[in-house]
Amino acid sequence: MSSLIVYIVGSLVIWGRYLDHAGNFTAFVCFFALTLVTNLPKRAFSPLALFYAYYGAWFVVAPMFAQRFDGMLDHTEYQLAIALAYTVFGLGVVAIKVGERIGRAGHRTDYRGRAPGTFALRSTLMILYVVATAMVVMIVQSSGGFSVWEANPGDAFLNRSGSGVYVVLSHFSSVALAALTGYYCVRKHSKVALCIFLAWLLVTSPVHGSKLQISLLAVVSMLPWVRNMRLLTVKTILLYVSFVMIFLLGLYFRNITWVSADTMIPYALNYFNTLENLAISVRDFDPSVLMTFFLPFVKFQTPFGLASPDMYFDMNHLLTDIYFPKSWAIRATEQWPVETDLYLNFMFVGGLPLVALYLGIIGFIHGRAIRNDSLGYWAASILMTILMISHLRGSLINWTDFYLYPYIAVIAYLFRKMSLRPIPRHVASTVPGDAGNAAPAMKP
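The written sequence of each chain sets the order in which its residues are numbered from 1. It should be noted that, the model being predicted, local features are given only for residues of pLDDT at least 70 and side-chain atom pairs only at 80 or more, the latter also being counted only at that level, while totals for whole chains, interfaces and linings use all residues. The basis for every side-chain value is the complete set of heavy atoms in the structure, and neither hydrogens nor water enter the calculation.

Asks: Please clarify how the overall build of the protein chain should be interpreted in this entry.
Replies: What the protein chain contains, in helices and strands, is 21 helices and zero strands. Here, residues are in contact when the closest pair of their heavy atoms is within 4.5 Å. Put simply, of all contacts in the protein chain between residues at least 6 apart along the chain, 76% involve residues at least 24 apart. Accessible surface is estimated by sampling points in the Shrake-Rupley manner with a 1.4 Å probe; for residues, cover comes only from the protein chains shown. For the protein chain, the accessible area works out to roughly 19800 Å², and carbon and sulfur atoms hold 68% of it. Helix and strand definitions follow DSSP, with helices as H or I runs of at least four residues and strands as E runs of at least two, each counted in order from the N terminus.

Asks: How do you make sense of the state of the cysteines when you look at a structure like this?
Replies: One way to say it: the disulfide is the covalent bond shared by the sulfur atoms of two cysteines. Criterion for a disulfide: a pair of cysteine sulfur atoms at a distance within 2.5 Å. All chains considered together, the criterion is met by zero disulfides. Free cysteine: Cys 185, not disulfide-bonded; nearest cysteine sulfur from Cys 195 at 7.7 Å.

Asks: Hey, could you run me through a nonpolar patch on the surface in this one?
Replies: The residues that make up patches have over 30% relative accessible area and no salt bridge, and they are joined within 9 Å when like-charged or within 5 Å when they are Val, Leu, Ile, Met, Phe, Trp or Tyr. In what follows, salt bridge is the name for a side-chain nitrogen of Lys or Arg lying within 4 Å of a carboxyl oxygen of Asp or Glu. A contiguous nonpolar surface patch, about 640 Å² in accessible area, is contributed by Val 289, Leu 290, Phe 294, Phe 297, Phe 300, Met 347 and Phe 402. Topologically, Leu 290 is positioned in the loop between helix 14 (274–284) and helix 15 (315–323).

Asks: I tried to follow the pattern of salt bridges on my own but got confused; where do I start?
Replies: Where side chains of opposite charge bring their charged atoms close, a pairing between them can arise. On inspection of all chains with the given rule, the structure shows four salt bridges. Across the salt bridge formed by Glu 276 and Arg 68, the nearest N and O atoms sit 2.5 Å from each other. Of this pair, Glu 276 sits in helix 14 while Arg 68 is found in the loop between helix 3 (47–65) and helix 4 (76–104), placing the two residues 208 residues apart along the sequence. Across the pair Glu 100 and Arg 104 runs a salt bridge whose closest N-O atoms are separated by 3.8 Å. Pair noted here: Glu 100 and Arg 104 are both in helix 4, with a separation of four residues, about one helical turn.

Asks: Any chance you could explain unusual backbone geometry here in plain terms?
Replies: Across residues other than glycine, the phi torsion is negative in most instances, and most of the peptide bonds are trans. One non-glycine residue with positive phi stands out, namely His 21, at about 60 degrees. Take His 21: it is sitting in the loop between helix 1 (2–19) and helix 2 (25–38). A 1.4 Å probe rolled over the protein chains alone gives each residue an accessible area, and that area as a share of the maximum for its type sets the label: buried under 20%, exposed over 50%, partly exposed in between. Take His 21: its relative accessible area is 64%, and that puts it in the exposed class. Of note, the phi angle at Leu 290 is positive, near 55 degrees, even though the residue is not glycine.

Asks: Help me out: how do you make sense of the environment of Arg 416 in this one?
Replies: Examined against the element boundaries, Arg 416 turns out to sit in the loop between helix 20 (401–414) and helix 21 (425–428). Here Arg 416 falls in the partly exposed class, since its relative accessible area comes to 22%. Separated by 44 residues in the primary sequence, Arg 416 and Asn 372 place their C-alpha atoms 9.0 Å from one another. What qualifies as a polar contact is a pair of N or O atoms within 3.5 Å, subject to a donor-acceptor requirement within protein and to the restriction that residues adjacent in sequence count only when both atoms come from side chains. A distance of 2.7 Å separates the side chain of Arg 416 from the backbone oxygen of Tyr 413, its partner in a polar contact.

Asks: Sorry if this is basic, but what is going on with the side chain of Asn 24 here?
Replies: With respect to the helices and strands, the residue Asn 24 is situated in the loop between helix 1 and helix 2. According to the relative accessible area criterion, Asn 24 is buried, its value standing at 0%. Discounting residues that sit within four places of it in the chain, Asn 24 has contacts with Ile 14, Arg 17, Tyr 18, Gln 79, Ile 82 and Ala 83.

Asks: Explain helix 3 to me, please; I cannot follow it from the model alone.
Replies: Note on helix geometry: an α-helix contains 3.6 residues per turn, so any two residues three or four positions apart are oriented the same way. Under the 1.5 Å per step criterion, the end-to-end length of helix 3 is 26 Å for 19 residues, consistent within 8% with the ideal 27 Å. The angle separating two fitted axes, one through the seven residues that finish at a residue and one through the seven that start at it, defines the bend at that residue. The largest bend in helix 3 is about 40 degrees, located at Gly 56. Extensive coverage of helix 3 is indicated by the burial of 14 of its 19 residues. Expected span of a helix, by definition, is 1.5 Å for each gap between consecutive residues, and there is one gap fewer than residues.

Asks: Whenever I open this one, the packing of helix 4 against helix 17 (residues 338–345) confuses me. Can you help?
Replies: For any two helices packed against each other, one specifies the inter-axial angle together with the distance between the axes. Helix axes use the C-alpha atoms of the stretch in contact, all axes being lines fitted to C-alpha atoms, and the angles between their N-to-C directions lie in the range 0 to 180 degrees. Direction vectors running N to C along helix 4 and helix 17 enclose 105 degrees, while the axes themselves pass 9 Å from each other. Regarding the angle of helix 4 to helix 17, the classification is roughly perpendicular. From helix 4, Leu 84, Ala 85 and Val 88 reach across to helix 17, where they touch Val 338, Glu 339, Leu 342 and Tyr 343. We call Asp, Glu, Lys and Arg charged. Ala, Val, Leu, Ile, Met, Phe, Trp, Tyr, Cys and Pro are nonpolar, and the rest, Gly among them, are polar. Class assignment for the residues of the contact of helix 4 with helix 17 results in six nonpolar, no polar and one charged. If an angle is under 35 degrees, it is roughly parallel; if it is over 145, roughly antiparallel; if it lies from 65 to 115, roughly perpendicular; otherwise it is oblique.

Asks: What is the right way to look at the confidence of the model for the protein chain in this model?
Replies: Detailed reading of the predicted model is not advised wherever pLDDT is low. Confidence in the prediction of the protein chain, expressed as mean pLDDT, is 83, and 80% of residues score 70 or more. Residue-level confidence of the predictor is what pLDDT reports, using numbers from 0 through 100. Throughout residues 424–444 the model reports pLDDT below 50, and contacts reaching past four residues in sequence, or to other chains, amount to 39 contacts.

Okay, structure coming up:
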């Protein structure tokens, strides 16, 4: 396998240069590019594509162009950080490819002709709109009201304490709404419902706040069209540009009180500080065992009054308080990468099998989605793929996983029989409801 060969050679070169106290960032960029060229993903929204996008943005583009890295990459702590990052990157490419290959193996399960009727879909969409909108309103009301959000949406988003239940229910209902919206559109051969949902998402975006959450909802709503979208096409490039705009819009709302057009781009580049955070963590800490591993479990204590709301719930909380106390004072967190998590909890090396297993599972689910082509599998794959970014920029275990993973499993199960394949006319004519309006044929 080419990815494994490149990984072994790249590891030897990059770690060898670190041990020789030589700069290894150029080697990292070269082997990143070689891995990308020899293992180019076919689909734009595959786990491998987003995996490349993450390491490319945070560990290649940002160190090359952001001012914060000027003259820093030859420091010893940065050389070690780069070696650690490549170790996880190369291993991740291999694990994702192996997982996807296993997931695609076996016989397809054909769910064509088992789709729900139009009335049931419309009724469900209306209920989800009511619930999702109500949760958005409750988030706003429980965190100061519309006047507070209108004056400073970024500050209001960071101070939503007390609205946690509404936030969770908002995520649950909006994701289901997004998935069913796209499915309904291809059933009815119309994109009107999609336009309505995207308009709703735009209006409610300050409350969703998280750039990752907004992008996730947008992608899930367009699943029938983007699931097989090729990587290097005009449509793909335009879609990625729209996600960059969502990213910039999110930064603007978070910093609306001071940011301007001429300061947005420099500030955006400096946003990508993951390599710097990794470097300072390996500089100031020794490899450890389970130093921050149990922090996500503290969240379980808060409903029972056994832990105060200002306690740390993950590694990022703890390290933000240490290095950026002013940010932590307003509950704004910096993000440390998964390499730091491995370094502080598994002596780094001990966590590599866990990373490989996690990324392999994501690849496996994506392979199953390709094989069965149902809304349930594709929704689970896209959700796991996009949430992968939050784990790569954080811990292997986030406290939100305790409700997100069960939710993803429920979504996969409930939507498992909603096929995105076309239904033959001689079959559609015998199916109850309007199954003949299934999605048009799409190239795999």
